[in-house]
Amino acid sequence: MALLKQSCRVAGRFSANHLWLSPRCAPHVYTSSLTAAAKSSPDRTDRKKEPLSDDGPDLQDFISGELSEKSTWEEYKGNLKRGKGERLRLPPWLKTEIPIGKNFNRLKNTLRDLKLHTVCEEARCPNIGECWGGGEYATATATIMLMGDTCTRGCRFCSIKTARLPPPLDPDEPYNTAKAIAAWGLDYVVLTSVDRDDIADGGADHFAKTVYNLKERDSRILVECLTPDFRGDLAAVEKIALSGLDVYAHNVETVRELQRFVRDPRANFDQSLSVLKHSKKVKPTLLTKTSIMLGLGETDQQIFDTLTELREAGVDCLTLGQYMQPTKRHLKVEEYVTPERFAYWEKVGNDMGFAYTASGPLVRSSYKAGEFFLKNLLKKRIAEVPVAE
């Protein structure tokens, strides 16, 4: 799969949020957002903090408390690195406001009307309030998860269910997905999917048909595809790169040295790098994008080396976010990286020449604020084309 697919149903990872289209009705859409640490709320300051459940962070663990103010971050005395046999407590900067507001309620009702089921709600994603509520940008971000909710791989950070032979693809899904998105009135959408190694082309044709349908309905819709690695099949990569999309995203997930430890054995750093390189090769005007989780035990030098390789491969956009353990069966968090350290990596990324670097504890591979930036960047590039000619 792709990075921080911290789904809204822990049918993804605790990293990006999706909605998938079931054969009978709708797409499983998932949304995510770049969320800063939330402000504390006076009427909750005396609330007793809930303990972490055995199955991973719960909504209550993300509700803001007194420690969520930046002035208290440096005063936090809890452990940030895991000791042997220890389980880290959630630090204050990973706590967010309870989701409320007109936009949140409107989007929730719209999803119900369209029979869309969100992984965001089912997984209790910490970004749901900012993402659905509209926040600074006043528009919701949607990420549609194609090809079902069952993956043929088993990455150790991802809680999406797995099977050797998932149910067959729904042939009507590309059309239904486009119809749902058009009804929603979005101007930027992210399409992602599970890995489908059981299909000859990994589902690339299905992916491409969805983009075709979207662009046919409204050519102004900006489409980002967050794809699998297709087992390194560059013909499949090319099919999607030439489908009419605007942003080609594929996540390397972690530093080179931890690939085998974190991802399914069928995935690896060089294979992912080849996907990103080839998409740019067949369509040079494409924006390429990838994401990395921090907190899995990587070193600063490993992060720096990984960013260097990505930049040398021509990757345009980069996001870095905190790994969150979805359930006790998955990899434990080795370290909670501080907001200040994430800010440092954002500066490093910008200095390296990435067109866009987003780095923060709650940053995910797809989220509203990032897509707001990419939308403007894409429009600027389109406007510059006649001048270049």
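Right above here is the structure, for reference.
Computed from a prediction, not measured in an experiment: that's the story for all the values here. Here the residue numbers are simple positions, counted from 1 along each chain's written sequence. Predicted model: local features are reported for residues with pLDDT of at least 70 only, side-chain atom pairs are reported and counted for 80 or more only, and whole-chain, interface and lining totals are derived from all residues. Remark: hydrogens and water are excluded; side-chain values derive from all non-hydrogen atoms of the structure.

Enquirer: Any chance you could break down the overall build of the protein chain for me, citing the residues and the numbers?
Expert: Starting at the N terminus, helices and strands are each numbered in turn, a helix being any DSSP run of H or I of at least four residues and a strand any DSSP run of E of at least two. Helices and strands together make up the secondary structure of the protein chain, namely 13 helices and eleven strands. Only protein chains enter the calculation, and the probe is 1.4 Å; a residue is then buried if its accessible area is under 20% of its type maximum, exposed if over 50%, and partly exposed in between. Going through the 389 residues of the protein chain one by one, you find that 58% of them count as buried. Residue contacts are counted whenever heavy atoms from the two residues lie within 4.5 Å of one another. Intrachain contacts of the protein chain at a sequence separation of at least 6 include 75% that bridge at least 24 residues.

Enquirer: Let's hear about the side chain of Thr-152: which residues, and what values?
Expert: Mapped onto the elements, Thr-152 comes out in the loop between strand S4 (150-151) and strand S5 (161-162). Whenever a nitrogen or oxygen atom comes within 3.5 Å of another N or O atom, the pair is scored as a polar contact, on the condition that within protein one atom can donate a hydrogen and the other can accept it, and that pairs from neighbouring residues in sequence are kept only if both atoms are in side chains. Here Asp-197 takes part through its backbone nitrogen, which lies 2.9 Å from a polar atom of the side chain of Thr-152.

Enquirer: An account of the packing of aromatic side chains is requested, with residue identities and associated values reported.
Expert: Geometry of aromatic contacts follows a simple scheme: Phe, Tyr and Trp rings, the Trp one being its six-membered ring, pair when their centres are within 6.5 Å, and the pair is stacked under 30 degrees between planes, edge-to-face over 60, tilted otherwise. Within this structure, the stated rule accounts for one aromatic pair. Ring geometry for Tyr-344 and Trp-345: centres 4.9 Å apart, planes at 70 degrees, overall edge-to-face. Distance and angle both matter: a charge sits over a ring if NZ of Lys or CZ of Arg is within 6 Å of the ring centre and within 35 degrees of the ring normal. Between the NZ or CZ atom of Arg-311 and the centre of the ring of Phe-354, over which it lies, the distance is 5.5 Å. Directly above the ring of Tyr-344 sits Arg-341, whose terminal nitrogen or CZ lies 4.2 Å from the centroid.

Enquirer: Let's hear about a positive patch on the surface: which residues, and what values?
Expert: Distance thresholds for patches are 9 Å for like charges and 5 Å for nonpolar side chains (Val, Leu, Ile, Met, Phe, Trp, Tyr), applied to residues having over 30% relative accessible area and no salt bridge. Methods summary: accessible areas were calculated by the Shrake-Rupley approach with a probe of 1.4 Å, and residue burial reflects only the protein chains presented. Basic side-chain nitrogens of Lys or Arg form a salt bridge, by our definition, when they fall within 4 Å of a carboxyl oxygen of Asp or Glu. Neither His nor the chain termini are counted; the positive set is Lys and Arg, and the negative set is Asp and Glu. Every charge is mapped onto a representative atom, which is NZ of Lys, CZ of Arg, CG of Asp or CD of Glu. On the surface, a cluster of positive charge is made up of Arg-87, Lys-328, Arg-329 and Lys-332. Here Arg-87 shows up in the loop between helix H2 (70-73) and helix H3 (102-113). Look at Arg-87 and you get partly exposed, because its relative accessible area is 33%.

Enquirer: Any details on the pairing of strand S11 (residues 356-359)? Residues and values, ideally.
Expert: Of the two faces of S11, both are covered, the one formed by Tyr-356 and Ala-358 as well as the one formed by Thr-357 and Ser-359. Where strand S10 (residues 317-322) and S11 come together, four bridges link them in parallel fashion. Its bridge partner being in S11, Cys-317 is matched across the sheet by Tyr-356. A clockwise path from the first strand over the helix to the second, with the strands pointing away from the viewer, defines a right-handed crossover. Handedness of the β-α-β unit built from S10, helix H12 (residues 339-352) and S11 comes out right-handed. One requirement defines pairing of two strands: DSSP has to find at least two bridges between them.

Enquirer: Tell me about the packing of helix H7 (residues 204-217) against helix H8 (residues 234-241), and please be specific about residues and values.
Expert: Helix axes are fitted to C-alpha atoms over the stretch in contact, other axes to C-alpha atoms as well, and angles between N-to-C directions run from 0 to 180 degrees. Where H7 contacts H8, the axes come no closer than 9 Å and their chain directions differ by 5 degrees. By the angle class used here, H7 and H8 are roughly parallel. Together, Ala-204, Asp-205, Phe-207, Ala-208 and Tyr-212 of H7 and Ala-236, Lys-239 and Ile-240 of H8 make up the contact between the two elements. Tallied by class, the residues present in the contact of H7 with H8 amount to six nonpolar, no polar and two charged. Any angle between 65 and 115 degrees counts as roughly perpendicular, while under 35 counts as roughly parallel, over 145 as roughly antiparallel, and the rest as oblique. By the convention adopted, Pro, Cys, Tyr, Trp, Phe, Met, Ile, Leu, Val and Ala count as nonpolar, Lys, Arg, Asp and Glu as charged, and the other residues, Gly among them, as polar.

Enquirer: Tell me about helix H6 (residues 173-184), and please be specific about residues and values.
Expert: Each residue after the first adds 1.5 Å to the expected span of a helix. Taking 1.5 Å of rise per residue, the twelve residues of H6 would be expected to cover 16 Å, and the 16 Å separating its terminal C-alpha atoms lies within 8% of that figure. Buried residues of H6: Glu-173, Pro-174, Thr-177, Ala-178, Ala-180, Ile-181 and Trp-184, and no others. Viewed end-on, H6 has its buried residues packed into an arc of 165 degrees, placing them on one side of the element. At the C-terminal side of H6, Gly-185 shows a positive phi close to 80 degrees. Taking the helix axis as origin, the arc is that swept by the directions to the C-beta atoms.

Enquirer: Can you lay out the environment of Tyr-323 for me, pointing to particular residues and giving the numbers?
Expert: In this fold, Tyr-323 is placed in the loop between S10 and H12. Filtering out sequence-adjacent residues up to four positions away, Tyr-323 remains in contact with Arg-156, Phe-157, Met-293, Leu-294, Leu-296, His-330, Leu-331, Lys-332 and Val-333. Within the structure, Tyr-323 has its side chain in polar contact with the backbone oxygen of Leu-331 (distance 2.5 Å).

Enquirer: Tell me about the pattern of salt bridges, residues and numbers included.
Expert: Under the criterion given, the structure shown has 17 salt bridges. Taking the shortest distance from any N to any O, the salt bridge between Lys-215 and Asp-246 comes out at 2.9 Å. Linking Lys-215 in helix H7 with Asp-246 in the loop between H8 and strand S8 (247-249), this pair joins segments that are 31 residues apart in sequence. With respect to burial, Lys-215 and Asp-246 carry one shared label: buried. A salt bridge links Arg-220 to Asp-218; its shortest N-O distance comes to 3.1 Å. By relative accessible area, Arg-220 is classed as exposed at 67%. The class of Asp-218 is partly exposed, set by a relative accessible area of 21%. One continuous salt-bridge network, built from bridges that share partners, spans Arg-153, Asp-195, Asp-197, Asp-229, Arg-231, Asp-264 and Arg-266.

Enquirer: Can you tell me about the nonpolar core, naming the residues and giving the values?
Expert: Judged by nonpolar contacts, the single largest core of 66 residues is most densely connected at Leu-191, Val-223, Tyr-248, Leu-307 and Leu-310. Here Leu-191 is in contact with Ile-144, Leu-146, Thr-177, Ile-181, Phe-207, Thr-210, Val-211, Leu-214, Val-223, Glu-224, Cys-225 and Leu-226, once residues within four sequence places are set aside. The set of buried Ala, Val, Leu, Ile, Met, Phe, Trp, Tyr and Cys residues whose side-chain atoms join them within 4.5 Å is what this entry labels a nonpolar core. Val-190, Ala-249, Cys-317 and Leu-374 belong to the second-largest nonpolar core, a separate cluster that totals 14 residues.

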